[in-house]
Amino acid sequence: MYEETAPPGPLAGVARCVWRLASAAPKRIVPDGCLDLVVGDGEAFVAGPDTAAWSSVTRPGAELRGVRFTPGRAPAVLGVAADELRDRRVPLGELWGHAGELLTERLLSGDVTPAQAVASRLAEVPPADQAVAALIARLDAGAARVSEAAAMMTGAAGTPAAPEAPEAATLARGADPDRIAAAVARGGLSPKQVAALLARGTDPARVAAARLEEPVAVSERRLRRRFVQAVGYGPATYLRVARFQRAVALASRAPGLAALAVAAGYADQAHLSRDCRALTGLTPRGYFGTASTVDSTHSDRLRSA
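Report on the accompanying structure. (Residues numbered from 1 in each chain as written. Predicted model: local features only at pLDDT ≥ 70, side-chain atom pairs only at ≥ 80, totals over all residues. Heavy atoms only, no water.)

## Points about the overall build of the protein
From N to C terminus, the protein includes 16 helices and eight strands. A total of 305 residues make up the protein; the buried ones form 44% of that total. Considering only residue pairs separated by 6 or more positions, the protein has 64% of its internal contacts joining residues 24 or more positions apart. Total accessible area on the protein stands at roughly 14,900 Å², and carbon and sulfur atoms take up 54% of it. (Helix = DSSP H or I, 4+ residues; strand = E, 2+ residues; numbered from the N terminus. Buried < 20%, exposed > 50% of the residue type's maximum accessible area, 1.4 Å probe, protein only. Contact = heavy atoms within 4.5 Å. Areas by Shrake-Rupley, 256 points an atom, 1.4 Å probe, with all protein chains shown as cover.)

## Some points on the sheet that holds strand S2 (residues 15–22)
Two orientations exist for strands paired in a sheet by backbone hydrogen bonds: parallel and antiparallel. The strand order across the open sheet built from six strands is S1-S2-S7-S4-S5-S8, with neighbouring strands paired in antiparallel fashion. Of all the strands in the sheet, just strand S1 (2–5) and strand S8 (89–91) have a single pairing partner and so form its edges. Strand-to-strand twist in this sheet, taken as the mean axis angle between neighbours without regard to direction, amounts to 25°. Sheet topology places S1 next to S2; four bridges connect them, and they run antiparallel. When the bridges of S2 are listed, Tyr2 appears paired with Leu21. (Pairing = 2+ DSSP bridges. Axes fitted to C-alpha atoms, helices over the stretch in contact; angles between N-to-C directions.)

## Some thoughts on the packing of helix H12 (residues 235–250) against helix H13 (residues 257–264)
Packing of H12 against H13 leaves a shortest axis separation of 9 Å and a crossing angle of 130°. In this view, H12 runs oblique relative to H13, as classed from their interaxial angle. Relative to H13, the crossing made by H12 is right-handed. Contact with H12, carried on its side by Arg243, Arg246, Ala247 and Leu250, involves Leu260, Ala263 and Ala264 of H13 and no other residues of that element. Taken together, the residues of the contact of H12 with H13 sort by class into five nonpolar, no polar and two charged. (Parallel < 35°, antiparallel > 145°, perpendicular 65-115°, else oblique. Left-handed = near helix turned anticlockwise from the far one by under 90°. Nonpolar A, V, L, I, M, F, W, Y, C, P; charged D, E, K, R; others polar.)

## Here we look at the pattern of salt bridges
Counting across every chain of the model gives twelve salt bridges. The partner of Asp32 in a salt bridge is Arg68, and the shortest N-O contact between them spans 3.5 Å. On the criterion of sequence distance, the pair formed by Asp32 in the loop between strand S3 (27–29) and strand S4 (36–40) and Arg68 in strand S7 (residues 63–69) is long-range, its members being 36 residues apart. Exposure class is identical for Asp32 and Arg68. Each is buried. (Salt bridge = Lys/Arg side-chain N within 4 Å of Asp/Glu carboxyl O.)

## Section: helix H11 (residues 220–231)
End to end, H11 covers 16 Å across twelve residues, agreeing with the expected 16 Å (1.5 Å per residue, within 8%). When we look at burial in H11, the residues that qualify are Leu223, Arg226, Phe227, Val228, Ala230 and Val231. (Expected span 1.5 Å × (residues − 1).)

## Remarks on the environment of Phe45
With respect to the helices and strands, the residue Phe45 is situated in strand S5 (residues 43–47). Excluding residues within four positions of it along the chain, Phe45 makes contact with Asp36, Leu37, Val38, Arg89, Val90, Pro91 and Leu92.

## Notes on the nonpolar core
Residues Leu139, Phe227, Tyr238, Phe244, Leu272 and Phe288 are the most contacted members of the largest nonpolar core, which totals 33 residues. Among the elements of the structure, helix H5 (130–140), helix H6 (146–154), H11, H12, H13, helix H14 (269–280) and helix H15 (284–288) are those that each provide at least two residues to this core. Residue contributions to this core peak at seven residues, all from H12. Non-local contacts of Phe227, meaning those with residues more than four positions away in its chain, are made with Val132, Leu135, Ile136, Leu139, Gly232, Tyr233, Gly234, Pro235 and Tyr238. Ranked by size, the runner-up nonpolar core spans 29 residues in total, among them Ala15, Val18, Ala74 and Val125. (Core = buried A, V, L, I, M, F, W, Y, C linked by side-chain atoms within 4.5 Å.)

## Details of the packing of H5 against H11
The N-to-C vectors of H5 and H11 enclose an angle of 80°; their axes lie 9 Å apart at closest approach. If you check the angle between H5 and H11, you find them roughly perpendicular. From H5, Ala131, Val132, Leu135, Ile136 and Leu139 reach across to H11, where they touch Leu223, Arg226, Phe227, Ala230 and Val231.

## Focus: the environment of Glu101
Considering the arrangement of structural elements, one finds Glu101 in helix H3 (residues 98–109). What makes Glu101 partly exposed here is its relative accessible area of 44%. Sequence separation of Glu101 and Pro91 is ten residues, and the distance between their C-alpha atoms is 8.6 Å.

## Observations concerning H3
The end-to-end C-alpha separation of H3 is 17 Å, in line with the 16 Å expected for twelve residues at 1.5 Å each. For H3, the secondary structure elements touched by its buried residues are S4, S5, S7, helix H2 (92–96) and helix H4 (114–119). Among the residues trailing H3, Gly110 stands out with phi positive, at a value near 90°.

## Notes on unusual backbone geometry
A negative phi angle characterises most non-glycine residues, just as the trans form characterises most peptide bonds. Located in the positive-phi region is Asp41, a residue other than glycine, with phi close to 55°. Take Asp41: it is sitting in the loop between S4 and S5. Under the relative-accessibility criterion, Asp41 is labelled partly exposed at 22%. In the Ramachandran plot, Asp87 falls in the positive-phi region, its phi being about 60° despite a non-glycine side chain. Tracing the backbone shows Asp87 in the loop between helix H1 (74–78) and S8.

Taken by themselves, the reported measurements are silent on function.
Written as structure tokens, this is what we have:
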């Protein structure tokens, strides 16, 4: 049995869900763009972002519990870049030394839950990287190509400039500094507009506090580097994983594989077949059809959705 529930309030924005798995059969774990804190069967470890499927095998009767981090947010909590954990299962003792070993004992004894362990580290967690978060959101939403998803943030040649924020004209005439800072913080003003506001006397400290030093508009190379550190692999790989996860979510409602491929954003059924083999090790009929003993997690997820 596999169950997912919404993360508790303190973990909003940092965790996608908390989950529980109890089964005697091996489970096929397929890439989903996330990192997980996993506790159970005598272990506490971080499962890094995967690029291919792997099987989770536990002792009969063992139960695993975990926190699945929102894509791009785990490194701020864990204190290590996501690409350093790619395709790895790293014990907390290896990750955090003696402190990780002590936390492992508390997690396995039930003194703290995985969600509480994550919540205890949130005080020092910085805000999300706006550019990376925006690119993840566009890829998750179904962008066909990374270049299209990243165009507005990287200032690619030939890309139309983003429209002026609705409040830009009002702010430029001299609005409350708090409104200016808030607009900058949520990406409501372009760097050029902010520069004009500074020239009119806006307090630089307010703008700095709103993280002007990390505007949404960044170079393509810098954006990719930050994306890899936050997510664990580049935008192209994440796009492939996100598209396949859309197929997983839609599989129970699609009348056939050809329709599923179209609905999930693939060029054709052959495209879906290639990605399915690469990410799961199975054909689409093998993965989306009658679940095997190593693939029953997929059916559990569909039933609990």
